[in-house]
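Tertiary structure, described
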Amino acid sequence: MKLLTKTTLSLLLLTSSVAGTAAYAADSAAVLNSNGTPMLQVSTVAGSGAYTEQDGAAAEASFRMPTGVAIGADKTVYIADATNDKIRKLSGGIVSTAAGLPISVILDNKGLPQGALVDGKAERSLFNNPLALAVDGKGSVYVADSDNHAVRKIDTSGNVTTLAGNGVLGLKDGKGAEAQLYYPTGIAVTADGTVYVADTLNHVIRKITADGTVSTLNAASKRAVKLSASVVRPAGDYRDGDLKTALFNEPTGLALDAKGNLYVSDSGNQRIRYIDFAAGKVTTVAGSGTGENGTLYAKASLYAEGDYADGAADQAMFNFPKGIAVDPNGGLVVADSLNHAVRYIKDGVVSTLAGTPNDHGFHDGTESGALFNVPTGVAIDTDGTIYVADSGNNRIRQLEAYQLPVLTKDNLVKVVVENKQIAFDAQPEIENGRTMVPVRFIAEELGYEVKFSDDQTVSLVKGDTTVELYVGKTGLTRKEAGQADVSKPTDVAPYIKDGRTYVPVRFFAEEIGLDVQWAGEVRAAVLRTK
């Protein structure tokens, strides 16, 4: 059997819908669970979680709301450390400062770093709330420097220059410092050095040629929203069609595909849009939802209503999608910021790769057990690793393919705990669709003592916790010192066969906090720490 490796993770193909979720093609060699989505491991690669600024070993380094990530050809991970007003980098397990004063010496009235617009040598340059990054083929790093209303460039010699903008907000085309932008938060660069910018609070997409000439690609919104009797705010709008007349609402993330066309996270519209430059058209590729009376916006609302739903792209829902990245087969990874999840779009299907929608926090672990807190940036390395700027957790996270041990592809039922196949003295089997295993072997592997009572109660004991199952009866009871007993139903009962007691592995494992998935191709129940 071929298994999904870090190399093949970036080559995953979404080709159909399984139970309303995105399904990976068989030839991608993905380890899939019963829902047809891949088994992944989420881990932290940099950041202690402290809201400070510290270089050094990745686990001890600290950030203040990292928002964007980009990967160089040498696998250096560049990080837009927004509130620290710096560009950081992760290489060889060490976090260092790539550009910006190494130690913040200019502080605001809250004691936080105070940004500014200063070009020059990287270690003497200043930024102001940099939010997104892109790396060109030569290794230069481009920065959406949002509060400077500018696009900056860090060349391979360590020099910082301002490519467009002058620190004054506005909407004006022109060359270099003549141009004006308003809070740019997304950036992408082509092989020939053309830069595209999500000019967020102007609600437009800008183009910067290699000589620094800035032009505006779509129409500026004329919508205004009356927030109160005395407050009226300009707002973005929504229109597909001709690029010149298309409308966006606070566009953020940008990503170029293999054709040189541009995906846009249209955050305020809760949609992912697509610019086909050859056709001169803008279309919506994912996202849905309406406001009042069939309109996109509710009364007195700056934005479309965000929500969460996987499935068909035209029915899927997002909640302020931000950073995006295209994989080699045209799939799109999305940092769905206020759903606290990493999503995936391919062939008209949206799925959730990792995170728990409508919940946030910090947990590493399985794709469904991991928690994020406002993920805002994503990047895909050539080996398939997905890096995530988990801004609310002040960490950089990564998604990697879960690796099964080498398993024989046959009709026998197998059980894997983490990355180890469990050896039983009697064969596990399927009963009423449930994986049944000899209890002693699985319990001891998980550190539990097995006790049998005369009334045919099977007790699995570890410390102050006991899980009881009953031979010939469905249901289980969890007992924990100092807490009330909790009884739960099961749909299959333990039984005795050839002198061994078989129990349903899923119910027991889930009760002690493990993630349980079924890898159907190799007929294996996979138990992992959430």
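What this report covers is the structure whose coordinates are included nearby. As the structure is a prediction and not an experimental result, all values here were calculated from the model.

1. Remarks on the pairing of strand E6 (residues 77–81)
Along a regular strand, successive side chains alternate from one face of the sheet to the other. Of all five residues making up E6, five are buried, and the element is well covered by its neighbours. Residue alternation in E6 divides its side chains into two sets, Val-77, Ile-79 and Asp-81 and Tyr-78 and Ala-80, and both sets are buried. The pairing of strand E5 (residues 66–71) with E6 spans five bridges and is classified as antiparallel. The residue bridging Gly-68 from the neighbouring strand is Ala-80, located in E6. What sits between the antiparallel neighbours E5 and E6 is a turn of five residues, in which Lys-75 has the positive phi angle 75°. Across five bridges, E6 lies against strand E7 (residues 86–91) in antiparallel orientation. Residue pairing for E7: Ala-80 is matched across the bridge by Ile-87. In this antiparallel pair of consecutive strands, E6 and E7, the connection spans four residues, and Asp-85 shows a positive phi of 60°.

2. Notes on the environment of Tyr-402
Its location among the elements puts Tyr-402 in the loop between strand E34 (395–401) and strand E35 (414–417). Take Tyr-402: its relative accessible area is 2%, and that puts it in the buried class. A polar contact is formed between the side chain of Tyr-402 and the backbone oxygen of Glu-418, at a distance of 2.4 Å.

3. Description of the sheet that holds strand E10 (residues 130–135)
The antiparallel open sheet is built from five strands, whose spatial order is E9-E13-E12-E11-E10. Of all the strands in the sheet, the pair left with one neighbour each is strand E9 (120–121) and E10. Two elements, E10 and strand E11 (residues 141–145), share five bridges in a ladder whose sense is antiparallel. Looking at E11, one finds that Pro-130 is bridged to Asp-145.

4. What about the packing of aromatic side chains?
Scanning the entire structure with this criterion turns up six aromatic pairs. Relative to Tyr-502, the ring of Tyr-495 lies with its centre 5.3 Å away and its plane at 10°, an arrangement referred to as stacked. The exposure class assigned to Tyr-495 is buried, which follows from its relative accessible area of 18%. For Tyr-502, a relative accessible area of 4% corresponds to the buried category. The ring centre of Phe-248 lies 4.6 Å from the NZ or CZ of Arg-273, which sits over that ring. The ring of Phe-372 carries Arg-397 above its face, with NZ or CZ at 4.7 Å from the centroid.

Criteria and thresholds
- Residues numbered from 1 in each chain as written.
- Predicted model: local features only at pLDDT ≥ 70, side-chain atom pairs only at ≥ 80, totals over all residues.
- Heavy atoms only, no water.
- Buried < 20%, exposed > 50% of the residue type's maximum accessible area, 1.4 Å probe, protein only.
- Helix = DSSP H or I, 4+ residues; strand = E, 2+ residues; numbered from the N terminus.
- Pairing = 2+ DSSP bridges.
- Polar contact = N/O pair within 3.5 Å; in protein donor to acceptor, adjacent residues only side chain to side chain.
- Phe/Tyr/Trp six-rings, centres within 6.5 Å; stacked < 30°, edge-to-face > 60°.
- Lys NZ or Arg CZ within 6 Å of the ring centre and 35° of its normal.

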